Amino acid sequence: MVDILFYGTVNSVTFALIAVGFTLVYGVSRLPNFAHGAIYVLVGFMTWSFVNDLNLNYLLAILISLCISSLLGAAIYRLVLIRLRGLPTSEIIASFAFGLIILEGLRLQGIGGFKGFIGPFYVLPSFIDAKIRVAGMLIDAQRLIIIGGGLAVVITLWLFTHYTKIGLSLRAIAQDEQAAMMLGVDSDRVAMISLSIGSALAGLAAVIILPLGNVTAEAGYRVLIYALAVCIIGGLGSWGGAILASFVLGFAMIVSTSLFGAVWESVVLVGTIILILIFKPSGLLGKQKELEERV
Amino acid sequence: MTTTEDKRQERLDRGIKVRTEGLYALTSWREMGYLLAPRAFLIFGLLLLPLLVDSYWQRVLCIAGVYALLALSFDFLAEYVGLVCLGGAFFVGCGGYTAGLLNHYLGWSPFFTIPIATVIGAVISTLILLPCLRLRGVYFAIVSFMFPLLIVNIIIALNIFGGTEGISALATLPNIWFDQYLIFAAVIIALFVMRRLVNEDIGLIFRSIKDNDQAVRASGISITLYKTKAVFIASLMGCFGGAYLSHQYGWLGISLFAMDFSILPIAATVMGGAGTLVGPVLGAFMLTPLSEALRGFGQLRVVLYCLILMGFIVYKPEGIMNYLQRKYHQFEHWKEV
């Protein structure tokens, strides 16, 4: 019972970490960033390369790859999405294509001596390699770090969006783009900032979560699916909904795994999404009252 | 010397066009020929193509035909109904598995399994997508994108239908020529049926669902019913492609749900010209051989067609066919302002 509670919480926080970047971008600028999973994986591989090929300090490596990922997010907006705003289909296709270029590019072999990141050899070290005994069970420190990191991210984001000028302008655009533009908030700049923060958050999620397993390019698709699942269930663009949904999904998965076995994980995921769509089409805390009003 | 700022481009439709799209007033055989030439060129081009290449490239052309059907169904759903379906692989998988299983367990010949799987697969995929049909735009795209990946997980998890190994030794079609002309006939028929369909009354309803579904509801038409019909029509094409593929390979497996079947048709549609129906078909026949030629480079081909996709969507969003149609049907000249 205690372990379901604990692992459920870890799983839920993992979902929340993965989804928070996606939902931030969508909530602020209505841009579905389908390159989210790719950036997550890319940061994992970059950090690994910096540590193992360039022998950088682990923390420094993380910092550099986070900076690169946020620049990449800004680049996606500046180079591609800015030309496509307001065309949802094109936004999805273009950002998904961008993500695929990154993900499949990571697996390219034999071009310029690049070996391609294939196979289970890429493991990020955990921050503290220790196990702690709590209430009669062994817990890795990394899982506690996930919970702590998730909390820290949510609190920082809340403070950022409520007390800094940039954060407030993000919320302003999210609430009413035209009114915000009249008050001198540059919509394009805010969208670029939101994408770069969102990408950095994807990267942060990667460096916090990935030490639990190994880094593979295939994980990018799964991460994207998780992020999308959380956002659909919570209601696209709703931050509170995303966190609630990640707890619903996280516990649903852990409970079903312990009851029926791990193979049912994905079935639970689809089942939950379909049930939510049937009974509450706009998601748990979606702002839209009627589905027909949705994009 | 005048610069472009002093001039504007004037476009005039050719005289044979009467007010709306697809309605022409013809007064001579020459004008008739003018309309028939591109159509005849396409049909005879497709029919002659297999005669010009060797048997390896004939196989590639068969696959290109499947991609053309998928691109057609994507274009129809996205541009005429407003449902952006990122899960074309889902249709292929449903059709392919239905045909393969009928052949493997009941021993039916491909001549029965392909048509039956086309219909049954389409019914199955429509039923599975039914709860999501209330969604639009981004939401539908997201959910449809997840389905093929999750079905793969379910097949692996339950270890049904051959699990990860798949089922091999299915009956194959008689010979490569039959393969080739079957899929080309299907592409041509599908193309002209779809072109006719979108200009019928039902096509009008589809398009108005895309433009303003509330107005359609206000007219007393059930949008869910029509979206279901549209998805059924689109999945017929995808399922035929899948059923055909599993008999062509003589094998079925989870790679029928592979991402390629979702992405390449989209790239073909964007490249060929969204909304023209014929553009996506041409796009598929250009992209598939290209990606086949790059097979030696492994993942490079995915990267390459994603780059093509992005290049077109950002710099030439109208696509090849819209551009050509404009050049063909309109006079353009520069006029002093």
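Residues numbered from 1 in each chain as written. Chains lettered and ligands numbered in written order. Predicted model: local features only at pLDDT ≥ 70, side-chain atom pairs only at ≥ 80, totals over all residues.

## Looking at the overall build of chain A
Within chain A, the regular secondary structure consists of 11 helices and two strands. Along the chain direction, N to C, the helices and strands of chain A fall in the order α-α-α-α-β-β-α-α-α-α-α-α-α. Here chain A holds 295 residues, and 50% of them are scored as buried. Counting contacts in chain A only where the partners sit at least 6 residues apart, residues at least 24 apart contribute 73% of the total. (Helix = DSSP H or I, 4+ residues; strand = E, 2+ residues; numbered from the N terminus. Buried ≥ 20, exposed ≤ 12 C-beta atoms within 10 Å, placed from the backbone. Contact = placed C-beta atoms within 7 Å.)

## Thoughts on the environment of B:Ile183
Residue and element names in this part refer to chain B. Assignment of secondary structure puts Ile183 in helix H6 (residues 176-197). A tally of 25 C-beta atoms within 10 Å means that Ile183 is categorised as buried. Discounting residues that sit within four places of it in the chain, Ile183 has contacts with Cys62, Gly65, Val66 and Tyr244.

## What to know about the packing of helix H9 (residues 219-234) of chain A against helix H11 (residues 265-279) of chain A
All names here are of chain A. Between H9 and H11, whose axes approach to 9 Å, the crossing angle comes to 25 degrees. Our classification of the angle between H9 and H11 gives roughly parallel. The two elements H9 and H11 cross, and the hand of that crossing is left-handed. Counted together, Ala229, Ile232 and Ile233 of H9 and Leu269, Thr272, Ile273 and Ile276 of H11 form the full contact between these two elements. (Axes fitted to C-alpha atoms, helices over the stretch in contact; angles between N-to-C directions. Parallel < 35°, antiparallel > 145°, perpendicular 65-115°, else oblique. Left-handed = near helix turned anticlockwise from the far one by under 90°.)

## Some points on the interface of chain A and chain B
The partner chain B presents 36 residues to the 39 residues of chain A that form the contact. At the level of secondary structure, the elements contributing two or more residues to the side of chain A that touches chain B comprise helix H4 (88-106), H9 and H11 of chain A. Among the elements that take part in the side of chain A that touches chain B, H4(A) stands out by supplying 12 residues, more than any other. Classifying every residue of the side of chain A that touches chain B gives 29 nonpolar, five polar and five charged. (Nonpolar A, V, L, I, M, F, W, Y, C, P; charged D, E, K, R; others polar.)

## Quick notes on the confidence of the model for chain A
The predicted coordinates of low-pLDDT regions are not to be read in fine detail. All names here are of chain A. Residue-level pLDDT values for chain A average 80, and 87% of them are 70 or greater. The lowest-confidence element of chain A is strand E1 (residues 131-134), averaging 69 in pLDDT; the highest-confidence one is helix H3 (residues 58-80), averaging 89. Taken as a whole, residues 289-295 scores under 50 in pLDDT and shows 15 contacts with residues more than four places along the chain or in a different chain. (pLDDT = per-residue confidence, 0-100.)

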